[in-house]
Amino acid sequence: MVTGALGQSEAKRVTILGSTGSIGDSTIDLIERDPEAYKIVALTAQSNWSKLADQAKRLRPEMVALGDRAGFASLKSALAGTSVRVVAGPEGICEAAALPSDWVMAAIAGAAGLKPTLAAVERGAVVGLANKECLVCAGTLFMAAVQTHKATLLPVDSEHNAIFQVFDFEQKDKIRKIILTASGGPFRTRSLKEMANVTPEQAVAHPNWSMGAKISVDSASMMNKGLEVIEAYHLFGLNNDRIDILVHPQSVVHSMVEYEDGSTLAQLGSPDMRTPIAYALGWPKRVAAPVSRLDLAKLGSLTFEAPDLVRFPALRLARAALQTGGAAPTILNAANEIAVARFLAGEIGFLDIAAIVEHTLTRVPLQSVATLDDIVAVDGEARRVAATTNLSAAAE
Ligand code: NAD
Ligand code: MG
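Our subject in this report is the structure included herewith. (Residues numbered from 1 in each chain as written. Chains lettered and ligands numbered in written order. Predicted model: local features only at pLDDT ≥ 70, side-chain atom pairs only at ≥ 80, totals over all residues. Heavy atoms only, no water.)

1. Some remarks on the coordination of the magnesium ion (ligand 2)
Donor atoms from the polypeptide that bind the magnesium ion (ligand 2) are Asp157 (OD), Glu159 (OE) and Glu228 (OE), placed at 2.1 to 2.2 Å. The motif formed by the donor residues of the magnesium ion (ligand 2), counted along the single chain, is D-x1-E-x68-E. Residue Asp157 is located in the loop between β9 (152-155) and α7 (158-166), and its partner Glu228 is located in helix α11 (residues 223-236); the two are separated by 71 residues in the primary sequence. Judged by relative accessible area, Asp157 falls into the buried class, the value being 7%. (Donors = N, O, S within 2.8 Å, 3.2 Å for Na, K, Ca; no water. Helix = DSSP H or I, 4+ residues; strand = E, 2+ residues; numbered from the N terminus. Buried < 20%, exposed > 50% of the residue type's maximum accessible area, 1.4 Å probe, protein only.)

2. Some words on the environment of Ala382
Relative to the helices and strands, Ala382 is located in helix α17 (residues 372-388). Residue classification places Ala382 among the buried positions, given a relative accessible area of 0%. Along the chain, Ala382 and Leu302 lie 80 residues apart, while their C-alpha atoms are 40 Å from each other. The residues touching Ala382, leaving out its near neighbours within four places in the chain, are Ile331, Ala334, Ala335, Thr360 and Val364. (Contact = heavy atoms within 4.5 Å.)

3. A closer look at the nonpolar core
Core analysis: the biggest nonpolar cluster contains 119 residues, and Val64, Met105, Phe142, Ile178, Leu332 and Phe350 have the highest contact counts within it. For this core, the two domains that each supply at least three residues are domain 1 (2-155) and domain 2 (325-396). Excluding anything up to four places from it in sequence, Ile178 contacts Ile163, Phe167, Ala232, Phe236, Leu238, Arg242, Ile243, Asp244, Met256 and Val257. Ala327, Ile331, Val378 and Ala382 belong to the second-largest nonpolar core, a separate cluster that totals seven residues. (Core = buried A, V, L, I, M, F, W, Y, C linked by side-chain atoms within 4.5 Å. Domains from an automatic or database assignment.)

4. So, the site of ligand 1
Taken together, 22 residues lie around ligand 1, and Thr20, Ser22, Gln46, Glu133 and Gly212 are the ones closest in. Between ligand 1 and the protein, one listed contact pairs an oxygen atom with a side-chain N or O atom of Thr20 at 2.7 Å. One of the side-chain N or O atoms of Glu133 is found 2.6 Å from an oxygen atom in ligand 1. Protein chains bury 84% of the 820 Å² of accessible surface belonging to ligand 1 in isolation. Elements with a contribution of two residues or more to the shell around ligand 1: α1 (22-32) and α6 (132-148). (Near = heavy atom within 4 Å. Polar contact = N/O pair within 3.5 Å; in protein donor to acceptor, adjacent residues only side chain to side chain. Areas by Shrake-Rupley, 256 points an atom, 1.4 Å probe, with all protein chains shown as cover.)

5. Topic: the side chain of Thr330
Its location among the elements puts Thr330 in helix α15 (residues 328-344). A residue is classified by how much of its surface remains accessible, and Thr330, at 1% relative accessible area, is buried. Within polar-contact distance, the side chain of Thr330 engages the backbone oxygen of Cys137 at 2.9 Å. Setting aside residues no more than four positions away along its own chain, Thr330 makes contact with Val136, Cys137, Val369, Ile375, Val378 and Asp379.

6. A word on unusual backbone geometry
The amide bond that connects Trp283 to the next residue, Pro284, takes the cis arrangement and shows omega of 5°. Within the fold, Pro284 resides in the loop between α12 (274-282) and α13 (296-299). A positive phi is found at Lys150, a non-glycine position, where the angle reads about 55°. As for its position among the elements, Lys150 is in the loop between α6 and β9.

Written as structure tokens, this is what we have:
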């Protein structure tokens, strides 16, 4: 609920970018448990028109947008007789993002989320940000747009949401570092030799979290944590050397902030994205989430260990890209997206993902990324290199 001009409660008008994905599902689950509190303005998806049509029939948005034009006719006929406006193509998704609403969930996977999320930022929206890739590929430009248009960013990624909850923005100078926890993924204890032969099915089977395929593979390679270091750098304005990574296989402590006086503050919870989504959805108030409650006595112990940069080279690559700055994180992200897609398609092995990212970083020139056009150009070039990299040839 939001408060109207006369102090009365009004339904919060919500846009969900990437409504058919894992974060989209969790967001809709929360909204459908309290239907009076929300009015859906727009929903968007890439290709799953039938799921988008089902969501639209239940939630009655003003507009739905489908990225892939091939499904437009089917979506339109599925919604015939309703008042829902149907648009298609990447511009259609940006049009949906630009419609006035009180709150936006940015949950498109990958750099494809950049333009739509920017369209929401440019109208000064309150944005729940799940789409970490838009900060990795265009963090400086994105954060400048947030400032210029007075948008509000609420981190949804569980680690950044945890930090946001315990980060004293008024006394930032008293913060020594932040500590991002990482589950370590399904291959935490596997040797490099074993990882060379893992299948996509094994890589997407995350031990604690249920997520989309791309982020699940990123968790397995720990590139996800590397992307999250870059995300944290932009969200909290702390340098690389003040962002630690700590492996915590139970995924209960979602991240921590260490203060000058020796206090370390953490946020804990069951590994269920509905908690950080609910935090952002209700902000600045808290709203209920139907998640299983923490039972620490039952859990008994929580364990922590240092990350292994040898078995998980993606961590090293992401930190190096952040240190290099400029176009390097854009290249890292684009190359990773392509390499993950190639791995999921059975074209390359699991360890080739980081190898392709590393190779692409050495091949694509570090040109300027001052404008959106620059970013699109660098991103495109990195995708082309990563898509055509043949590792046995690259090694010669
Ligand atoms: P997902 O693959 O389940 O869903 C992605 C959504 O984006 C779908 O609705 C899909 O239709 C849409 N989409 C995909 N490609 C698109 C394109 N080219 N143009 C427009 N729309 C497109 O992914 P997810 O797991 O829900 O993750 C979404 C984002 O949230 C990612 O950036 C991910 O890193 C981040 N995130 C997810 C989780 C999680 O638990 N799932 C946790 C933290 C952060
Ligand atoms: Mg995370």
